[in-house]
Each structure stands twice: as C-alpha cells, then as structure tokens.
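Chain and residue survey
Below, each chain spelled out in residue letters.
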Amino acid sequence: MEGGKSQAGTVIDVTVKFSGRSIPVSVPLDSDIKDLKALLQPLTNVLPRGQKLIFKGKLLADAMTLRESEVTSGAKIMLLASQGLHQGAGPILKDAATRPISRDKMPITDKGKAVVPDKNRLERWKSTGVIALSECNLKVMPDDIWACGTSARALDISNNSIQEIPSKLVCLSGLQKIILNGNDILDESICWEALTSLKRLTTLYLSHNHLTVLPKEVGGLKSLKQLHVSNNKLNSLPVEIGLLTGLEVLGVNNNRISAIDPSIGSCISLVEVDLSANLLTNLPETFGNLRNLKALHLGNNGLKTLPSVLFKSCTQLSILDLHNTEITMEVLRHLEGWEDFDRRRCSKHQKQLDFRVMGSGEFDEGADKN
C-alpha cells in the first residue's frame, strides 16, 4: 500500500522468500492469505495446506486478508514448507538439478564404447531373442544389434548414455519389448517412425530421460499395452494417446503435466494409471469411461476433487492414491459410488498397512481427514 490511504482493488507487490529464492508476487490487497497461497502453489510446487507464511515474525492466518495482516507493498514474506505436502517432483528449490541415474558400477571404456568380453553374444541374442545391454556404458547402439533381425523379441539398453534411437530399429521387426530407461534421450533423437513400424511392440519404457513432449506418432503404436515415460519433463500427453485402445498400463509420474486431455477416456483397456508427482489440478470426466481401471495413482498433485463419475463408473477401481493432494474426505464422501468403492478397497487390501489402510478401517490413501 503506497502513499498512505488504500482503495478497493489496490494491487500490491510483495516478495516471498523460499529456499534461497526471492519470488515477486502481485496480489490484491484485500485478498485472503489463502488466495496468496494458491498463487504460490505453481511457483513453488508446495500445496497451500503445506505452506506457512510468516510476516514480521507472525504466522499469517488463511482467513485474514493482506490488509488485515498489515502486509503492504514491498513487504517480504517468508514461506516455510511442510515436508511431503508438495506437488510434482517436489518443491522448486534454488539451482535445482535432475538427480542422475547412478552408473558407478559400469565398466570404464575408451571413447564410450563398451567392452565386449563375449564374442558369441550375437549368437546368444539370436537364440534367446533377448538383447541385454543394460549398464554397459554405451553412447551409441552397437552395430551387431541390427544383425539379430526378426529373431529379437526384447531389447534392453537401459542405464547407459544412449542419445539416439535410430531408424535402423526397423530391422528388429519382431520386437515386443523395448527398455530405454536411464539414458540421455532427447525429443529429436527418437525415430518415432521406426518405433511405430514395430507392429508387435507391446511394452515401451522411456523413463528417466530428457523428453519434453510425446509426439502424435505415439498414437501409431497400436499393439502397445504398457507405456512408461516417468521422470522426464513432459508438459502434456498428446490427443493421439486416445488411439491406444489396447493400452493397459500408463506410467507418466514425475513429470510437469498440468492437464490431461479428455481423449484419455478412449483408452478403455487401462487397468493402472500413474499420474503422481505432476502439476494437475483436475482430471477430465472421461476418466469415467475407464471401466477396467483398478489402480489410480494421483499423489503429489494440486488436485482438489475427482471426476464426479469416477467411483460410479469405474467399478473395478480398488487402489486410489491421493497422498499430498488437496482432496479431503468430505469431497470423497459426496461423490456418487464412494461407499461401493470403499467396500472394494477394504475387501481387496484387508486393511494391510502396506496399502496405507489404517486399523480404524477409515480411508487413508492420502485424503485429508480434517
């Protein structure tokens, strides 16, 4: 509040100090502290109920306005975050960096080329159908891979430093499973045309890489049953994801996804979906089309509610993880079909602690019971 008297609609500029960062925020003077916390959520990844705002040594109460709290323009407010109450991969910290996959046990080689102690590995690959090259300190895919031709059923080159998935992949037309986790793969270094040519491919792992988008070509993986792209930097899923009507498992946790396209409802074979640790605030009502869904992981998002038809339509759902979201028990109890879901959950898990079901029998899979 500059210049003495304040007027309705006045906007003030404050600085929020959080984990070594100074976050400038413009906010109406008559906003509640709760409104300020909502503004800070996407800037810090800390959920509102996990935020403690301190001004001049005093804890700011949610129901109070900035004016009532005597916060003026130019004020500095300290934010303390409660452990665990965050969305996405965690609080946005100063100079945050992606934690690399450990490769300490890999052999040291010259020019990034793996040592080949077994001269008969090509024969072994052909006889077993499995190309196993995990943790071999590779920077490129070895040429002898392509000689396997149609005999290769599985390709595992996880935890290397591979940067390119080349067009030569079409040579391995019999592949059913590809594991590319823990490499240095970028968006432009994948030949998706080669991937979509693999008509028998049912399982694709691309987790722990550097992907920011999934292209529309992903919709061409018609035989795919499992897609794992967790721990990347994805901002969204393409509309074409809905073309994967045979997809059963979708793992996209630990990304930066803020919204899910309604086309997800066309993936009618989905049994398990992991969307945890993203930036979601809502889910499309088309989730109700996923009649085969049994497990839904939504922890560490900014969700405040669920699709209204989720419990009523998804009658096989028995695992629901809502840890560190804004969804309360009050919200859940008002959703149609809640009682039936709760009975299924208790019956399936038999109150085992490893499923986060407490001895009281009350739902405790992340919903705030307050």
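An unreviewed UniProt entry lists the protein chain under the name Ubiquitin-like domain-containing protein, from Linum trigynum.

**Some details on the nonpolar core**
By size, the foremost hydrophobic cluster in this structure holds 72 residues, and its most contacted members are Leu169, Ile178, Leu227, Leu306 and Phe311. Of all the elements in the fold, those that place two or more residues in this core are α2 (121-128), α3 (192-196), α4 (310-313), α5 (329-333) and α6 (338-349). Leave out the neighbours within four places in its chain, and Ile178 touches Leu155, Leu169, Leu195, Leu198, Leu201, Thr203, Leu204 and Tyr205.

**Digging into the pattern of salt bridges**
Applying the stated rule across the entire model yields seven salt bridges. One salt bridge in this structure joins Lys312 and Glu336, with 3.7 Å as the shortest N-O distance. Of this pair, Lys312 sits in helix α4 while Glu336 sits in the loop between α5 and α6, placing them 24 residues apart in sequence.

**Quick notes on the sheet that holds strand β9 (residues 203-205)**
Overall, parallel pairing links the nine strands, which are arranged β6-β7-β8-β9-β10-β11-β12-β13-β14 in an open sheet. Edge strands, defined here as strands with exactly one partner in the open sheet, are β6 (130-132) and β14 (319-321). The mean angle between the axes of side-by-side strands here comes to 5°, regardless of whether they run parallel or antiparallel. The sheet contact formed by β9 and strand β10 (residues 226-228) spans three bridges and is parallel. Looking across to β10, one finds that Thr203 is bridged to Gln226.

**Digging into helix α1 (residues 33-44)**
Compared with the 16 Å implied by 1.5 Å per residue over 12 residues, the 16 Å span of α1 between its first and last C-alpha is a close match. What α1 keeps buried is the set Ile33, Leu36, Lys37, Leu40, Gln41 and Thr44. Down the axis of α1, the buried set is contained in an arc of 160°. They therefore lie on one face. Those residues of α1 that are buried lie in contact with β1 (11-18), β2 (21-28), β3 (51-55) and β5 (76-81). At the C-terminal side of α1, Asn45 shows a positive phi close to 70°.

**Structural notes on the sheet that holds β5**
Reading across from one edge, β2-β1-β5-β3-β4 is the order of the five strands in this open sheet, with mixed pairing throughout. Of all strands in the sheet, those with a lone pairing partner are β2 and β4 (58-59), marking the two edges. Pairing analysis gives four bridges linking β3 to β5, with the strands arranged antiparallel. Across the sheet, the residue bridging to Gln51 is Ala81, located in β5.

**Some details on α2**
Within α2, the full set of buried residues consists of Arg121, Leu122 and Trp125. Projected onto a plane normal to the axis of α2, the buried residues spread over an arc of 105° and lie on a single side.

**Overview of the packing of aromatic side chains**
Per the counting criterion, the structure on display carries three aromatic pairs. Look at Trp338 and Phe341: their rings are 5.7 Å apart centre to centre, the planes differ by 45°, and that puts the pair in the tilted class. Placement of the pair is Trp338 and Phe341 together in helix α6, with a separation of three residues, close to one helical turn. By way of ring pairs, the aromatic residues Phe311, Trp338 and Phe341 are connected into one cluster.

**Here's the deal with the environment of Leu214**
Mapped onto the secondary structure, Leu214 falls in the loop between β9 and β10. Along the primary structure Leu214 and Pro238 are separated by 24 residues, whereas in three dimensions their C-alpha atoms are 6.4 Å apart. Residues contacting Leu214, with those up to four places away along its chain left out, are Trp192, Leu227, Val229, Leu234, Leu237 and Pro238.

**Structural notes on the side chain of Ser276**
Its place among the elements puts Ser276 in the loop between β12 (272-274) and β13 (295-297). Polar side-chain contacts of Ser276 include one of 2.6 Å to the side chain of Asp274. When residues no more than four places from it in sequence are discounted, the contact partners of Ser276 are Asn253, Asn254, His297, Leu298, Gly299 and Asn301.

**Here's the deal with the side chain of His228**
When you line up the elements, His228 lands in strand β10. Separated by 2.9 Å, the side chains of His228 and Gln226 make a polar contact.

**Things to note about the environment of Glu164**
Position of Glu164 relative to the elements: it lies in the loop between β7 (154-156) and β8 (177-179). Glu164 sits 25 residues away from Lys139 along the chain, and the two C-alpha atoms are 8.6 Å apart.

About the thresholds
- Along each chain, numbering runs from 1 in the same order as the chain's sequence is written.
- In keeping with the predicted nature of the model, local features appear solely for residues at pLDDT of at least 70, side-chain atom pairs appear and are counted solely at 80 or more, and the whole-chain, interface and lining totals rest on all residues.
- Note: side-chain values were computed over all heavy atoms of the structure, leaving out hydrogens and water.
- Side-chain atoms within 4.5 Å link the members of a nonpolar core, which is a set of buried Ala, Val, Leu, Ile, Met, Phe, Trp, Tyr and Cys residues.
- We call a residue buried when its accessible area falls under 20% of the maximum for its residue type, exposed when it is over 50%, and partly exposed in between, using a 1.4 Å probe and counting protein chains only.
- Helix and strand labels come from DSSP, where a helix needs a run of H or I of at least four residues and a strand needs a run of E of at least two; each type is numbered from the N terminus.
- Contact definition: two residues touch when any of their heavy atoms are within 4.5 Å.
- A side-chain nitrogen of Lys or Arg and a carboxyl oxygen of Asp or Glu constitute a salt bridge if their distance falls within 4 Å.
- One requirement defines pairing of two strands: DSSP has to find at least two bridges between them.
- Axes, fitted as lines to C-alpha atoms, cover a helix only where it is in contact. Angles between the N-to-C directions of the axes lie from 0 to 180 degrees.
- Here the expected span of a helix is defined as 1.5 Å times the quantity of residues minus one.
- Think of it as the arc spanned by the lines of direction from the helix axis to the C-beta atoms.
- Think of it this way: a Phe, Tyr or Trp ring, Trp meaning its six-membered ring, pairs with another when their centres are within 6.5 Å, and the plane angle makes it stacked under 30 degrees, edge-to-face over 60, tilted otherwise.
- Under the rule applied, a polar contact is a pair of N or O atoms within 3.5 Å (in protein, one hydrogen donor and one hydrogen acceptor; residues adjacent in sequence only if both atoms are side-chain atoms).

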